[in-house]
Amino acid sequence: MRQHRQMKRSARIFSIAAIAMSLMTPPTIAQMAVEDALAISPLPQPIDTPNQVLIRNATVWTMEDDGILDETDVLLTNGKIGAIGKNLSARRGALEIDATGMHVTPGIIDAHSHSAVENTGVNEGVPSVSAEVRIEDVIVPNDKTIYYQLAGGVTAIHVLHGSANAIGGQNAMLKMRWGSQKSEDMRFKGAPPTIKFALGENPKRSAFGGGFGREPRYPATRMGVAAIIRDSFKKAKDYRNEWAAYNALSSSQQARTAPPRRDLRLEAVAEILDGKRTIHAHAYRADEILMLMRLGEEVGFKVGTFQHVLEGYQIADEMAAHGAHGSTFSDWWSFKIEAFEAIPYNAAIMEERGVLVSLNSDDNNLARRLSLEAAKMIRYGGVDSIKALAMVTRNPAEQLGIQDRVGSLAAGKDADVVIWSGDPLSTYTHATHTFVDGKLMFGRAEDLAHRARVTEARAALIAEINGDGDEAEEDSAEEANEEAQDTEGDTADTAETAQDDTVNTESTETDEEAEPLNIPYQFATSAEDTDAPVAITGATVHPIDAPSIENGVVVFQNGKITQVGGADTNIPEGVEQIDASGKHLWPGIIHTNTVLGISEIDSVAGTVDVAETGDINADVDVSLAIDATSTHFPVARSGGITHAVVVPNGGIVAGTTALIRTDGWTWEDMSAVRRHSLVLRWPTPIPARFAALLGRENETLADRKKESEEQIEKLNTLLDAATAYRKALESGTAPDFDPQLDALLPIVKGERPIWVQAREKHAMIAAIDWAKERNLRI
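So, how was this worked out
- Residues numbered from 1 in each chain as written.
- Predicted model: local features only at pLDDT ≥ 70, side-chain atom pairs only at ≥ 80, totals over all residues.
- Heavy atoms only, no water.
- Helix = DSSP H or I, 4+ residues; strand = E, 2+ residues; numbered from the N terminus.
- Contact = heavy atoms within 4.5 Å.
- Areas by Shrake-Rupley, 256 points an atom, 1.4 Å probe, with all protein chains shown as cover.
- Pairing = 2+ DSSP bridges.
- Axes fitted to C-alpha atoms, helices over the stretch in contact; angles between N-to-C directions.
- Core = buried A, V, L, I, M, F, W, Y, C linked by side-chain atoms within 4.5 Å.
- Buried < 20%, exposed > 50% of the residue type's maximum accessible area, 1.4 Å probe, protein only.
- Salt bridge = Lys/Arg side-chain N within 4 Å of Asp/Glu carboxyl O.
- Phe/Tyr/Trp six-rings, centres within 6.5 Å; stacked < 30°, edge-to-face > 60°.
- Lys NZ or Arg CZ within 6 Å of the ring centre and 35° of its normal.
- Parallel < 35°, antiparallel > 145°, perpendicular 65-115°, else oblique.
- Nonpolar A, V, L, I, M, F, W, Y, C, P; charged D, E, K, R; others polar.
- Polar contact = N/O pair within 3.5 Å; in protein donor to acceptor, adjacent residues only side chain to side chain.

Draft legend 1. Local environment of the overall build of the protein chain. A count of helical and extended segments in the protein chain gives 22 helices and 29 strands. Taking the intrachain contacts of the protein chain between residues at least 6 apart in sequence as the baseline, contacts between residues at least 24 apart amount to 68%. Taken as a whole, the protein chain presents about 37,200 Å² of accessible surface, with 50% of it coming from carbon and sulfur.

Draft legend 2. Focus on the environment of Leu 715. Here Leu 715 is to be found in helix α20 (residues 701–730). Once residues within four sequence positions are removed from consideration, Leu 715 is found in contact with Ile 652, Val 653, Leu 680, Trp 682, Pro 683 and Trp 770.

Draft legend 3. The arrangement of the sheet that holds strand β29 (residues 754–757) in detail. One open sheet holds the 3 strands; their spatial order is β25-β28-β29, and the pairing between them is mixed. Because the sheet does not close on itself, it has two edges, and the strands there are β25 (653–656) and β29. On average, each strand axis in the sheet is inclined to that of its neighbour by 20 degrees, with strand direction left out of account. The sheet contact formed by strand β28 (residues 678–681) and β29 spans 4 bridges and is parallel. Residue pairing in the sheet places Val 679 in a bridge with Trp 755 of β29.

Draft legend 4. Seen up close, unusual backbone geometry. In the segment running from Tyr 218 into Pro 219, the intervening peptide bond is cis, with an omega of 0 degrees. You can see Pro 219 is positioned in the loop between α4 (201–206) and α5 (222–247). Unusually for a residue other than glycine, Met 63 sits at a positive phi of about 60 degrees. In this fold, Met 63 is placed in the loop between β1 (52–61) and β2 (68–77).

Draft legend 5. Looking closely at the nonpolar core. Phe 197, Ile 229, Phe 233, Ile 279, Leu 292 and Phe 306 are the most contacted members of the largest nonpolar core, which has 102 residues in total. Considering each element in turn, this core owes the most residues, 9 residues, to α5. Not counting residues up to four positions away in its chain, the partners in contact with Ile 279 are Ile 195, Phe 197, Phe 233, Ile 272, Phe 301, Lys 302, Val 303, Gly 304 and Thr 305. Counting 25 residues, the second-largest nonpolar core is a separate cluster that includes Leu 678, Ala 722, Phe 737 and Leu 745.

Draft legend 6. Region of the structure containing the pattern of salt bridges. Here the structure, examined in full by the defined rule, presents 41 salt bridges. Close ionic contact of Lys 234 with Asp 742 constitutes a salt bridge, the shortest N to O distance being 3.5 Å. On the criterion of sequence distance, the pair formed by Lys 234 in helix α5 and Asp 742 in helix α21 (residues 739–748) is long-range, its members being 508 residues apart.

Draft legend 7. Here's a closer look at the packing of aromatic side chains. Under the definition given, this model contains 11 aromatic pairs. Seen from their ring centres, Phe 329 and Phe 335 are 6.5 Å apart, and the 75 degrees between their planes marks the pair as edge-to-face. Its relative accessible area of 39% is what places Phe 335 among the partly exposed residues. Joined through ring pairs, the aromatic side chains of Tyr 284, Phe 329, Trp 332 and Phe 335 make up one cluster. We note Lys 175 situated over the ring of Phe 188; from NZ or CZ to the ring centre the distance is 5.0 Å.

Draft legend 8. Up close: the packing of α5 against helix α7 (residues 264–273). At a minimum axis separation of 8 Å, α5 and α7 run at an interaxial angle of 90 degrees. In terms of orientation, α5 lies roughly perpendicular with respect to α7. On α7, the residues that touch Ser 232, Phe 233, Lys 235, Ala 236, Lys 237, Tyr 239 and Arg 240 of α5 are Leu 266, Glu 267, Val 269, Ala 270, Ile 272 and Leu 273. The residue inventory of the contact of α5 with α7, partitioned by class, reads 8 nonpolar, 1 polar and 4 charged.

Draft legend 9. Region of interest: the sheet that holds strand β24 (residues 641–646). Here 4 strands make up an open sheet; going across it, the order is β23-β24-β26-β27 and the pairing mixed. Where the open sheet ends on each side, the last strands, each with one partner, are β23 (589–594) and β27 (671–673). Strand-to-strand, the axes of this sheet are offset by a mean angle of 30 degrees, without reference to chain direction.

Draft legend 10. Spotlight on the pairing of strand β17 (residues 439–443). Most of β17 sits inside the fold, with 4 of its 5 residues counted as buried. As judged from the 4 bridges shared by strand β16 (residues 431–436) and β17, these two strands associate in the antiparallel manner. Bridge assignment links His 433 to a residue of β17, and that residue is Gly 443. Hairpin geometry of β16 and β17 is characterised by an intervening segment of 2 residues between the two adjacent antiparallel strands and by a positive phi of about 55 degrees at Asp 437.

Draft legend 11. Focus on α21. The buried fraction of α21 is high, at 9 of 10 residues. All buried positions along α21 are accounted for by Pro 739, Gln 740, Leu 741, Ala 743, Leu 744, Leu 745, Pro 746, Ile 747 and Val 748. Along its buried surface, α21 packs onto α5, β28, α20 and β29. Its side-chain oxygen placed 3.0 Å from the backbone nitrogen of Gln 740, Asp 738 serves as the N-cap of α21. After α21 finishes, the residue Gly 750 shows a positive phi value of roughly 80 degrees.

Draft legend 12. Expanded view of the pairing of strand β26 (residues 658–661). In terms of strand pairing, β24 meets β26 through 4 bridges, oriented antiparallel. Among the inter-strand pairings, Val 646 is bridged to a residue of β26, identified as Ala 658. One ladder, built from 2 bridges, connects β26 with β27; its direction is antiparallel. Among the inter-strand pairings, Ile 660 is bridged to a residue of β27, identified as Ser 671.

Right under this line is the structure:
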């Protein structure tokens with residue numbers, strides 16, 4: 001008997017621990033069993049809501065053309081917004097809420113979420129392209145973060161794949177239908193499909209993950225990320241064409257023809273080309289954002305929305321011209337090297353320049369406070385209240401293609417509605433009611449009452465275990481009820497304070513006519529409008545291809561030299577003159593072998609894009625990885641360097657060089673000649689000292705020579721294949737697309753030179769002889 005009592009006591013102790021744990025983590029089967037025994041769940045379940053709800057006398061933010069409506073009613077009927085106006089009526093049995101002094105808004109939409117996903121992670125870690133995987137397959141419908149975010153007014157979330165892959169998985173659009181038993185019940189049916197891309201540090205860094213002797217995963221540089229995305233779209237085009245040709249056959253022909261092999265990965269990429277799936281791309285730096293837009297224009301796709309996009313303010317005009325949207329943070333910066341150039345005015349600047357902007361969370365906790373993230377835009381950029389709230393309601397709905405159903409309040413739209421205790425952009429305000437499809441998913445009063453019941457149940461268990469009897473249980477229950485009443489009183493006081501604060505703020509703005517803050521930026525007009533002619537006079541001019549000129553004159557305008565001469569040169573009137581007497585004027589220095597713009601800090605991998613993995617990387621274009629904001633460019637200019645040839649390294653064939661200017665707003669501005677030449681690192685035996693460092697000290701010179709000879713033979717095989725690839729294309733035969741052979745076509749055609757890296761005399765002679773034999777230009 002004693003043993004039985006001890007077991008029963010232990011079971012009760014376990015029950016208390018289980019309840020406590022269930023408040024912190026999604027309930028397990030064991031925890032649910034305990035809760036069933038107590039007839040109480042750790043979080044409230046959805047409230048039974050009649051088919052009609054009437055919200056009376058509220059301040060309504062419609063986010064439509066009519067703006068903010070005072071003392072207005074909102075009628076919800078059968079999951080839709082039935083009407084918005086004054087003195088509306090509801091049928092018998094409807095839920096009526098007096099919202100006097102409160103505000104009503106559309107539900108908040110989180111455009112970048114990782115909530116409600118299995119804790120095994122949101123990344124597919126092995127391949128660089130994983131377009132075939134789907135986030136909807138790992139949705140957890142009872143994740144507690146759903147309820148918490150409903151408490152912050154969030155009614156829909158865009159759940160994204162992670163950022164370890166250049167082309168990631170398919171995303172999921174969810175309604176926050178708390179209490180759903182199946183993940184399918186949370187799907188936002190009819191929402192256009194989307195897919196996650198990732199640029200920059202994350203897919204690069206993932207190349208070296210895994211350990212256990214695993215080879216680095218391609219790509220490991222920004223130029224490699226661009227190459228693999230381009231190659232994937234070319235393969236998807238071929239795949240689409242194969243299926244189009246098969247589907248064009250008659251039924252009898254199809255019966256005699258094997259269909260193309262189905263490829264789920266290429267299917268998803270082909271959907272982007274067909275406009276059926278929208279890209280949402282993780283990106284921080286301006287250079288990579290511009291790269292993907294230009295790549296899309298080259299290949300035939302459009303970028304839907306850039307996520308994070310912390311340097312979007314630098315290329316807002318280019319984004320607007322492409323039609324790309326931006327979904328950013330309000331004030332996240334310096335949390336990693338890619339966020340170094342972030343500023344809090346980013347959203348305001350992009351919005352001013354015509355980019356559709358939303359604010360997202362990318363974080364379970366921040367998602368509960370997206371209304372306050374929107375409020376920050378009033379401080380950082382002078383955005384008005386409606387535009388600020390639109391960044392978490394109407395704008396993300398438009399970015400996701402669901403604006404006809406959510407994002408604003410209008411008759412016929414989904415009844416995703418939030419009632420706030422005061423101004424939704426005030427820090428003193430909280431959500432009192434959150435409706436999804438007209439169902440009350442969160443009610444603050446019900447939440448407080450549920451907390452009291454949980455407290456009461458906990459107290460009763462403790463009292464029973466301690467043997468305090470029924471009297472102790474009644475005392476504990478009474479204390480729990482008093483605590484809940486006190487909490488409700490505090491809530492009412494807070495709501496009243498929020499309303500007073502809102503009134504005071506509006507009064508202050510009206511009385512003092514406060515002006516919006518000045519945004520500390522200025523956009524230049526075009527170069528043609530601002531680049532007036534300039535004459536440098538008095539210097540000793542060194543033209544290089546002509547004798548030096550004492551007391552010379554050089555005139556330039558719009559980036560071009562228009563006159564070079566002596567002191568008698570006729571300088572047009574009104575030209576700005578710079579007196580350079582006693583100085584010397586030379587052409588700018590051209591640095592012919594550098595990693596300017598692709599290597600910032602050697603010890604920080606996220607800033608280094610010098611060498612891609614693997615031996616053959618003919619398809620990588622170094623210009624796409626050049627960071628125009630690199631601090632090395634002003635240093636180079638101070639040394640007289642005006643142009644530089646940026647040369648990638650790594651492997652035998654390292655990629656194409658780029659001739660760039662050392663000044664420009666983007667890599668596109670800086671590019672003088674893209675894809676100038678193909679870098680070939682001539683194979684030579686590694687020195688004995690390097691062999692020792694690699695643990696190959698036992699190898700002989702003959703062994704190392706044999707290795708280099710095998711690499712030269714690999715080059716010959718590659719060039720032979722490229723020649724055959726060319727002949728097949730020219731003969732009308734369509735070979736399977738090969739990114740390396742395709743990139744080598746300009747080389748075997750003689751349209752592009754090779755850039756050979758060789759140090760020793762014997763290596764240089766061997767490379768020259770090899771190029772002559774193969775009819776290549778060095």
